[in-house]
Amino acid sequence: STSNNHATSRLTRDLWDTRREMTALQARETELVASLRRLDAPRHILESRPAQKFSELEVRLAEVENEIRRERYKRLQAERGLDEIETERRGPFVVPALFRAFLMISEM
C-alpha cells in the first residue's frame, strides 16, 4: 500500500508537471501565431491547432455521451410502455381457465 501511495504521488506530480508544460506551450503557441499573423503568414499554418481541436473533441464527446444517456433513458421508457401495452393487450389467461373449471364443477 505504501508503494502504491508513493507511485500515486509520483504520477500525480508528473501529471501536474505535464499540464503546466502544456499550458506554457499553449501560451507560446499563441504568441507565435500572433507574430505570424503580423507577418501575414499563410492561413493553413495559423489554423492548425491540435490542442484546441483536442479540447473541442473532448467537449463534443461529452455532449454525445450525454445525448446517448438521454436517448437510452427514452428507449427504456418506451420499452416499458410497450411492455405495459403488450400486457394489457393479451387476453386474460386465468379468467377463462377459472370459467371452464366452474363449468366442469357445475356439471358434476
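Residues numbered from 1 in each chain as written. Predicted model: local features only at pLDDT ≥ 70, side-chain atom pairs only at ≥ 80, totals over all residues. Heavy atoms only, no water.

Draft legend 1. Layout of the overall build of the protein chain. For the protein chain, the helix and strand inventory stands at 4 helices and 0 strands. Listed N to C, the secondary structure of the protein chain is α-α-α-α in terms of helices and strands. For the protein chain, whose C-alpha radius of gyration is 33 Å, the value lies well above the compact-globule estimate of 13 Å for 108 residues. Split by element, the accessible area of the protein chain, about 10200 Å² in all, is 59% carbon and sulfur. The protein chain carries 20 positive and 19 negative side-chain charges, and their two centres are separated by 3 Å. (Helix = DSSP H or I, 4+ residues; strand = E, 2+ residues; numbered from the N terminus. Rg over C-alpha atoms; globule rule 2.2 N^0.38 Å. Areas by Shrake-Rupley, 256 points an atom, 1.4 Å probe, with all protein chains shown as cover. Lys, Arg positive; Asp, Glu negative; His and termini not counted. Charge placed at Lys NZ, Arg CZ, Asp CG, Glu CD.)

Draft legend 2. Quick peek at the environment of arginine 19. Secondary-structure assignment places arginine 19 in helix 1 (residues 2-38). Judged by relative accessible area, which is 41%, arginine 19 ranks as partly exposed. For arginine 19 and alanine 62, which are 43 residues apart along the polypeptide, the C-alpha to C-alpha distance reads 21 Å. (Buried < 20%, exposed > 50% of the residue type's maximum accessible area, 1.4 Å probe, protein only.)

Draft legend 3. Here's a closer look at the environment of asparagine 66. Note on placement: asparagine 66 falls in helix 3 (residues 50-89). Counting along the chain gives 41 residues from asparagine 66 to leucine 25, while the straight-line C-alpha distance between them is 31 Å.

Draft legend 4. Molecular detail of the pattern of salt bridges. All told, the structure shown has 5 salt bridges when counted by the stated rule. The salt bridge partner of glutamate 63 is arginine 60, with a shortest N-O separation of 3.4 Å. Taken together, the residues glutamate 63 and arginine 60, both in helix 3 and 3 residues apart, mark about one turn of the helix. What makes glutamate 63 partly exposed here is its relative accessible area of 41%. Among the residues examined, arginine 60 registers a relative accessible area of 45% and is labelled partly exposed. Among the salt bridges present, the one from lysine 74 reaches glutamate 71, with a minimum N-O distance of 3.7 Å. Linking lysine 74 with glutamate 71, this pair stays in helix 3, spanning 3 residues, or about one helical turn. (Salt bridge = Lys/Arg side-chain N within 4 Å of Asp/Glu carboxyl O.)

Function-wise, these values are silent; they only describe arrangement.
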